[in-house]
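# Chain and residue survey
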Amino acid sequence: MNKAIFLDRDGVINKERKDYVKNIDELKIFENISECINKLKNNNFLVIVITNQSAINRGLTTIEKINEIHNQIQNHLKKFNTKIDAFYFCPHRPDENCLCRKPNPQLIIKASNDFQIDLKSSWMIGDNDSDVFAGENAGCKGIKIKNNMDLPNTINELIKNLDY
Ligand SMILES: [Mg+2]
Ligand SMILES: [Zn+2]
């Protein structure tokens, strides 16, 4: 079985925008992210993004543009010899009451099936309560960070406290 760190995207990997990150021109990747992901992978975690992207079904962007954004993140990480193992996104608006929008656990559970992940040895890290609840609802642990600046320390603490 594998273990994973599930990461929220907006506010954690890239700067959040109130009007949504709708295309690669609006994507501002945080500088510390490659180092954070490298550290997780060196500790045998898969790194998987779980993100709500209601801008798709709000008609503000498209699945193609969201995939371009994710490719752009991967191209950035490639320069630092690292990568995200997979991106899972929910395209729905809250009023659609879908099963995949965080705090629902469905995307995390799908990822755990796709990658044979032991959820009890895995964490979901995000900057919203819904990230923590999605993790807990899936059977892993949830950590809420205030913003991206908290991510390096959070990862260091998490790794320090692993019992091998
Ligand atoms: Mg967020
Ligand atoms: Zn959904």
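Just above, that's the structure.
Cut-offs and rules
Residue positions are given per chain, counting from 1 as you read along its sequence in written order. Chains carry letters from A onward and ligands carry numbers from 1 onward, assigned in written order. Given that this is a predicted model, residues contribute local features only at a pLDDT of at least 70 and side-chain atom pairs are listed and counted only at 80 or more, while totals for whole chains, interfaces and linings are drawn from all residues. Side-chain measures were taken over the full set of non-hydrogen atoms in the model, leaving aside hydrogen atoms and water. Starting at the N terminus, helices and strands are each numbered in turn, a helix being any DSSP run of H or I of at least four residues and a strand any DSSP run of E of at least two. Based on C-alpha atoms, the radius of gyration is set beside the globule rule, defined as 2.2 Å times the residue count to the power 0.38. Only nitrogen, oxygen and sulfur atoms qualify as donors, provided they sit within 2.8 Å of the metal or within 3.2 Å for Na, K and Ca; with water excluded from the atoms, sites may seem incomplete. Here a site with four donors is tetrahedral if all angles are between 85 and 135 degrees, and a site with four or six donors is square planar or octahedral if opposite donors are over 155 degrees apart and the other angles are between 65 and 115; anything else gets the irregular label. Remark: exposure states derive from per-residue accessible area (1.4 Å probe, protein chains only) relative to the maximum for the residue type, with buried under 20%, exposed over 50%, and partly exposed in between.

## A short note on the overall build of the protein
Across its full length, the protein holds five helices and five strands. Helices and strands appear in the protein in the N-to-C order β-α-β-α-β-α-β-α-β-α. The C-alpha radius of gyration computed for the protein amounts to 15 Å, which stays within 12% of the reference 15 Å derived for 164 residues, consistent with globular compactness. Here the C-alpha coordinates of the protein stretch approximately 45 × 35 × 30 Å along the principal axes.

## Considering the coordination of the magnesium ion (ligand 1)
Looking at the magnesium ion (ligand 1), one finds its protein donor set to be D8 (OD), D10 (O) and D127 (OD), positioned 2.1 to 2.3 Å from the metal centre. Donor residues for the magnesium ion (ligand 1) sit on one chain with the sequence pattern D-x1-D-x116-D. Taken together, the residues D10 in the loop between β1 (3-7) and α1 (33-42) and D127 in the loop between β4 (123-126) and α4 (129-138) connect sequence positions 117 residues apart.

## Topic: the coordination of the zinc ion (ligand 2)
Looking at the metal site, the zinc ion (ligand 2) is ligated by C90 (SG), H92 (ND1), C98 (SG) and C100 (SG), spaced 2.0 to 2.3 Å from it. Between the four donor atoms coordinating the zinc ion (ligand 2), the angles at the centre fall across 99 to 120 degrees, so the site counts as tetrahedral. When the donor residues of the zinc ion (ligand 2) are listed from N- to C-terminus, their spacing reads C-x1-H-x5-C-x1-C. Each member of the pair, C98 as well as C100, carries the same accessibility label: buried.

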